[in-house]
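Take a look at the letters that make up each chain.
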Amino acid sequence: MAEELTPAESELAADAAGTEGEERPIKQRKNGLYPGVSDELAENMSSGWADTELRGLEPIPQAERTAARRAALSARFPGERLVIPAGNLKTRSNDTEYSFRAATEYAYLTGDQTEDGVLVLEPHGEGHTATIHLLPRSNRENGEFWLSGQGELWVGRRHSLAEAEQLLGLPAEDVRELTGKLTEATGPVRVVRGHDAAVEAALTDKVTAERDEELRVFLSEARAVKDDFEIGELQKACDSTARGFEDVVKVLDKAEATSERYIEGTFFLRARVEGNDIGYGSICAAGPHATTLHWVRNDGPVRSGDLLLLDAGVETHTLYTADITRTLPISGRYTELQRKIYDAVYEAQEAGIAAVKPGAKYRDFHDAAQRVLTEKLVEWGLVEGPVERVIELGLQRRWTLHGTGHMLGMDVHDCAAARTEAYVDGTLEPGMCLTVEPGLYFQADDLTVPEEYRGIGVRIEDDILVTEDGNRNLSAALPRRADEVEAWMASLKQGK
């Protein structure tokens, strides 16, 4: 990685070309190899570049949808200025940053994914005027494009404001001028917090936590029902994820020779080739690690005879993610006990999926799956019945641990800020997408179960769309029944 000037060391004040009669020194990185920039080099770098402006661009596919979403937001908060930031780069270590992922609220309303962007809805007449504030292309005349750590020659070209307007269907302005405008703003303001400290500081005397939370809650609930574009993106995510699972099965022998990290890396390759990224940290849990719900260390051994719990999802280029889990026999065949536990989870998932339909209570699929698992635990003698008593006291949770699903969309746990009465106490509607993911987890140190159960964890998870007449399994490309899983794995290993 090339050594660069940090953004702080190469502000626009470092004017390499100089301005009329005024030259500004370029602050160098400590231990940098160049002491400065000569006037001759500065002049040379400021000219001789082709015009690369892109013209006649078509709007992004979701532009009509984002406009409708902004209109709904405008109608909910008439007469108020609304500020929705994308967020900023976050430092990983010293002068390196994490890959940027735009705030969901911002991307949902604009389709844009660039750092430092801010959407502002200004009250105007009966509605609002929406403007997106972005970083323009880095300056060629003052040297920013090659001296700044975020300049074009360091991190790549970004769209000009005129290009952004064509793509997003929004007027675009320079975001570097925004905080000054916000500081001087009058009237009621709301901001989505937690993404841009400079924007929040500019509004600190104009906003309240309660009012800002109302904005966040509204935007969370607005995402509950997906439109056709979103459903198409979720299907793409599921299809790519299914191919990623196939990739993993084909290399299980290499994972056995190395570790869970081979599985993680294999799936990540598919996510980066076909999508934007993984939608969340992949859980590649072999053996007893499968009993840890969010095992993302992925540094353990992969052994024949054990189970592999793979919970992973591809995030599309528009930031919609799948969330699928399969529990696979590493050898290709379940043992008798593994199959017994797997079949119980499969039966519970079948009951849960059957309960997903328009008009049903959100909780119904969870209750249906939990009842099946509880019946199995009582039948196996692991907990004393009757079943109703166990469920009332929640005793099954020692082994079922978690809720049976969650909303899915641009966030893996989508709509998380929604009101309880609109989410878990709400009613399912066509267009909602949720996961159904029951599991049984017998910890390696659980002395209340027979020794042969200990260290076995099973979860099966699919992404279910509520339709007008029931539901559709978006992740149906991956087999779920034990015999189908074994046949699928065998065919993949033969054909690799």
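Residues numbered from 1 in each chain as written. Predicted model: local features only at pLDDT ≥ 70, side-chain atom pairs only at ≥ 80, totals over all residues. Heavy atoms only, no water.

## Remarks on the packing of aromatic side chains
Note on aromatic pairs: each is described by the distance of the centres and the angle between the planes. Across all of its chains, the model carries 8 aromatic pairs by this definition. With a centroid separation of 5.5 Å and 80° between ring planes, the pair formed by tryptophan 49 and phenylalanine 145 is classed as edge-to-face. One end of the pair, tryptophan 49, is in the loop between α1 (39-45) and α2 (63-76); the other, phenylalanine 145, is in helix α4 (residues 144-147), and 96 residues separate them in sequence. Among the residues examined, tryptophan 49 registers a relative accessible area of 41% and is labelled partly exposed. You can call phenylalanine 145 buried: its relative accessible area is 0%. The ring of tryptophan 49 carries the charged tip of arginine 140 above its face, separated from the ring centre by 4.8 Å. (Phe/Tyr/Trp six-rings, centres within 6.5 Å; stacked < 30°, edge-to-face > 60°. Helix = DSSP H or I, 4+ residues; strand = E, 2+ residues; numbered from the N terminus. Buried < 20%, exposed > 50% of the residue type's maximum accessible area, 1.4 Å probe, protein only. Lys NZ or Arg CZ within 6 Å of the ring centre and 35° of its normal.)

## Some details on helix α14 (residues 364-379)
The terminal C-alpha atoms of α14, which comprises 16 residues, lie 23 Å apart, in line with the 22 Å expected from a rise of 1.5 Å per residue. Along α14, the positions that sit buried rather than exposed are Phe365, Ala369, Gln370, Val372, Leu373, Thr374, Lys376 and Leu377. Tucked into the core, α14 has its buried residues touching α13 (336-354), α15 (387-393), α16 (397-400), β13 (433-436) and β14 (439-442). Phi for glycine 381, located one or two positions after α14, is positive at around 80°. (Expected span 1.5 Å × (residues − 1). Contact = heavy atoms within 4.5 Å.)

## Some details on the UniProt feature "domain: Aminopeptidase P N-terminal" (unreviewed entry) in the protein chain
In the numbering used here, UniProt assigns the feature "domain: Aminopeptidase P N-terminal" (unreviewed entry) to residues 60-200. The span residues 60-200 is 34% helical and 22% strand by assignment, and the distance between its end C-alpha atoms comes to 29 Å. (UniProt positions renumbered as here; feature names shortened; annotations may be inferred.)

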